[in-house]
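Inside the fold
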Amino acid sequence: MPRITRGTAPTRLWAGVVAVAAFVLAACGGDEAELRGMVRDEPLQVAGVTLPEIVDAASDPARTQPFTFRAPPGEVLVVFFGFTNCPDLCPTTLAEVRAATRRLDPGDAARVGVVMVTVDPDRDTPERLVQYVSSFSERAHAVRTEDPAALLAAEQAFLASSTVVRDEAGNVTDVAHTATAYVVDDQGRVIVEWPFGFGIDGMAHDLETVLRQVRRA
Amino acid sequence: MTEIDERAEAATGQGAPASGLSLRMFLVLVVAPFLVAAAAIAVASLTRGGGGETAPSGTTFTFEIPAGTAERMARGEPVADIFPERMAASVGDTYVVVNLDDALHQLGPIVARAGETARITFFQAGTYIGACTVGDHDTVTIVVT
């Protein structure tokens, strides 16, 4: 009988070790720190959306290539609909995205692309748009279409909208647009959405979380 | 040797490394440090995030948009004002919008498709403004403190 006691106590200890190890594995490998931005039961699917991306604004502004809203494997895209004359929403959001990206490990930061889709293509020339978005990211994509129907279709896929108001002379007097930033994974799913003012802390947290997910997938 | 004897011997002999360490020494020198390190890794893993901060705890508020809301509004009929024009929230609070209608709706920063549930946690103090498609006000302002 004493030997039974000697035998069962270590067994319990080993069971404890196994339990702790299982907890550690679950904590390290299991998902998922909760995302802090807006999430949906079923993510928006935007992989089917294609718009022209400016390829070489300096030497050939008219040259474009189709841009599909799906990140390369293991990467994510932060997509924003805006315009370069925006006084507040666009520069604030893009600056926050830049700051959040800089908080990541360099290897992770290199897996974040920033996409700006202009909602004011008349005033956002290819050169201007590329220069603008490139000031916020080294991995920038300047997306621009002069086809209102194509822009509308893209916005609808993201549940976004925009309106350009003109005076009688045709001059733009106001531009209203959705100020949400969308994080798109390599399957073309909008994993999380950041409303205006969401903040750098939350963005950095969500980027880390989504990047872990896409790396594992 | 009985089965119980074999288990006991396995626990005290083969379970430990072959260097001759006793089980007690093995537990102290190997298992205990492992447990401490494991716990540290687990805690770090569970709390990692932007700036190393943990998410604040808060209250979850759920707003249901009834079926037929868009149709009633189109007919000019009154609908329940489920979401006031101005709301106050605390950092860490979560807003959940359950859209039971067959039309897309927006409540401030939250856009929910027909039949969809969308949620957001306010992690940062600030003012969140957006359109409102339910009720008699055009916008919603959520002030998070």
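Below you will find a few notes about this structure. All residue numbers refer to position in the chain's written sequence, counted from 1. Whichever chain is written first is A, and whichever ligand is written first is 1; the rest continue in order. In view of the model being predicted, local features appear only for residues whose pLDDT reaches at least 70, and side-chain atom pairs are presented and counted only at 80 or more, with totals across whole chains, interfaces and linings using the full set of residues. Each side-chain value is derived from all of the structure's non-hydrogen atoms; neither hydrogens nor water enter the calculation.

Let us look at the overall build of chain A. Where helices and strands are cited, they refer to DSSP runs of H or I of at least four residues and of E of at least two residues respectively, numbered from the N terminus. Helix and strand counts for chain A stand at six helices and eleven strands. Buried, partly exposed and exposed residues are distinguished by accessible area as a fraction of the type maximum, computed with a 1.4 Å probe on protein chains only: under 20%, between the cut-offs, and over 50%, respectively. When burial is assessed residue by residue, chain A has 50% of its 217 residues classed as buried. When the accessible surface of chain A is totalled, it reaches about 10,000 Å², and 54% of it is carbon and sulfur. Reported accessibility uses the Shrake-Rupley method at a 1.4 Å probe radius. Residues are deemed covered only where the shown protein chains occlude them.

Across the sheet, which stays open at both edges, the four strands sit in the order 1(A)-6(B)-3(B)-1(B) with mixed pairing between neighbours. Looking at strand neighbours, the two that pair on one side only are strand 1 (39-40) of chain A together with strand 1 (60-65) of chain B, the edges of this open sheet. As defined by bridge partners, strand 1 of chain A adjoins strand 6 (residues 117-121) of chain B across two bridges and the pair is classed as antiparallel. Paired with Val39 of chain A across the two strands is Arg119 of chain B, which belongs to strand 6 of chain B. In this description, strands pair whenever DSSP reports at least two bridges between them.

Phe69, Val79, Phe81, Val117, Phe158 and Trp194 of chain A are the most contacted members of the largest nonpolar core, which totals 61 residues. Contacts are assigned to residue pairs that have any heavy atoms within 4.5 Å of one another. In this structure Phe69 of chain A touches Val46, Ala47, Val49, Leu51, Leu77, Val79, Val115, Val117, Val143, Phe158, Val184 and Gly188 of chain A, once residues within four positions along its chain are discounted. Formed by 20 residues, the second largest nonpolar core is a distinct cluster that contains Phe83, Ala89, Ala112 and Cys132 of chain B. Take the buried Ala, Val, Leu, Ile, Met, Phe, Trp, Tyr and Cys residues and link them wherever side-chain atoms come within 4.5 Å; each set so joined is a nonpolar core.

This part covers the environment of Gly58 of chain B. Residue and element names in this part refer to chain B. Among the structural elements, Gly58 can be located in the loop between helix 2 (23-47) and strand 1. By relative accessible area, which is 46% here, Gly58 ends up partly exposed. Along the sequence, Gly58 and Phe123 sit 65 residues apart, while their C-alpha atoms lie 9.7 Å from each other. The residues contacting Gly58, other than those within four sequence positions of it, are Gly92 and Asp93.

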